[in-house]
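Descriptive analysis of the structure
Here are the chains, one letter per residue:
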Amino acid sequence: MENDAYTRTGSADATDTAELNTLIGTLIDSIEGYQKAAADTENSRFAEMFNARAQERQQALTGLQAAVARLGGNPEDDGTTAGAVHRGWINLKEAVLGRDDEAIVNSVESGEDYLKEKFEAALRHTDLPAEARSAVEQAWQSVKAGHDEMSQLKHAIS
């Protein structure tokens, strides 16, 4: 009998590591986005918050990369094209409009929405092997906390 979504044996395959690598790419984008936001803001409290989130995301990233390696895959080590495009748009917007803390927070929160959607989609895949699911769930804690914190910050300064 072939393995499909209903008869999986619990072992990892290329699809599992590809899904984890997609999440890794978006986490790298998140780290780079937080670092850029920390560098761009003039508010020291925001900069500290963004840097702390970047460090936390680095830990989540390391966990997912280790899971891909344990599953026999080659862990992603670069961000996504969409993330690079988003950062390019932010750079252009800053060049035209200047740096504004509200715009920076809005951009970070938008990135958090995107990341949250990616992780929620991965968590809906009930056929992920235990190793992959555990790594995604651990990273999800950082993603959920970051999303909620940035959402609250956005609403507080709007």
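The text that follows walks through the structure, step by step, so that each part is easy to find. All chains use their own residue numbering, which begins from 1 and follows the written sequence. Confidence filtering applies because this is a predicted model: local features only for residues at pLDDT of at least 70, side-chain atom pairs given and counted only at 80 or more, and all residues used for totals across whole chains, interfaces and linings. For side-chain calculations, the full set of non-hydrogen atoms in the structure is used, while hydrogens and water are omitted.

Let's talk about the nonpolar core
Where a protein is soluble and globular, its nonpolar side chains tend to be buried together. For this analysis, a nonpolar core means a set of buried residues of the types Ala, Val, Leu, Ile, Met, Phe, Trp, Tyr and Cys, connected via side-chain atoms within 4.5 Å. Working definition: with a 1.4 Å probe on protein chains only, accessible area under 20% of the residue-type maximum means buried, over 50% means exposed, and in between means partly exposed. Membership of the largest hydrophobic core comes to 34 residues, with the highest contact counts inside it found for L27, F50, L64, F119 and V136. Residue assignment for this core shows that the elements contributing at least two residues are helix 1 (14-40), helix 2 (44-70), helix 4 (101-123) and helix 5 (130-157). Numbering goes from the N terminus for both helices and strands, where a helix is a DSSP run of H or I of at least four residues and a strand is a run of E of at least two. Ranked by residue count, the leading element in this core is helix 2, at ten residues. Every residue pair with non-hydrogen atoms within 4.5 Å of one another is taken to be in contact. Not counting residues up to four positions away in its chain, the partners in contact with L27 are R57, A60, L61, L64, L115, F119, A139 and V143.

Observations regarding the packing of helix 2 against helix 4
Across the interface, helix 2 lies against helix 4 with an axial gap of 13 Å and an inter-helix angle of 20°. When the axes of helix 2 and helix 4 are compared, the pair comes out roughly parallel. In this structure, the crossing between helix 2 and helix 4 has a hand that is left-handed. In this structure, helix 2 contributes F46, F50, R57 and L64 to the contact, and helix 4 contributes D101, I104, V105, V108, E112, L115 and F119. Each residue belonging to the contact of helix 2 with helix 4 can be placed in one class, and the counts come to eight nonpolar, no polar and three charged. Axes, fitted as lines to C-alpha atoms, cover a helix only where it is in contact. Angles between the N-to-C directions of the axes lie from 0 to 180 degrees. Here is the rule for angles: anything less than 35 degrees is roughly parallel, anything more than 145 is roughly antiparallel, 65 through 115 is roughly perpendicular, and the remaining ranges are oblique. Each crossing gets its hand from how the near helix is turned against the far one by less than a right angle, where anticlockwise is left-handed and clockwise is right-handed. Ten residues, namely Ala, Val, Leu, Ile, Met, Phe, Trp, Tyr, Cys and Pro, are considered nonpolar, four, namely Asp, Glu, Lys and Arg, are considered charged, and the remaining ones, Gly among them, are considered polar.

Notes on helix 2
Between its first and last C-alpha atoms helix 2 spans 39 Å; for 27 residues at 1.5 Å apiece the expected length is 39 Å, and the two agree. Capping the start of helix 2, N43 holds a side-chain oxygen 2.9 Å from the backbone nitrogen of R45, two or three residues further along. G72 occupies a position one or two residues after helix 2 and carries a positive phi of about 90°. To estimate the expected span of a helix, subtract one from its residue number and multiply by 1.5 Å. Polar contact criterion, stated in full: a pair of N or O atoms within 3.5 Å, where within protein one must be able to donate a hydrogen and the other to accept it, and residues adjacent in sequence count only if both atoms are side-chain atoms.

What about the pattern of salt bridges?
Salt bridges, as used here, are contacts in which a Lys or Arg side-chain nitrogen is within 4 Å of a carboxyl oxygen on Asp or Glu. Applying the stated criterion to the full structure yields nine salt bridges. A salt bridge links R53 to E56; its shortest N-O distance comes to 2.7 Å. You can see R53 and its partner E56 sitting in helix 2, three residues apart, about one turn around the helix. Two residues, E131 and R70, come together in a salt bridge whose shortest N-O distance is 2.3 Å. Of this pair, E131 sits in helix 5 while R70 sits in helix 2, and the two are 61 residues apart along the sequence. You can call R70 exposed: its relative accessible area is 55%. Bridged by salt links that share partners, the residues R53, E56 and E149 form one connected network.

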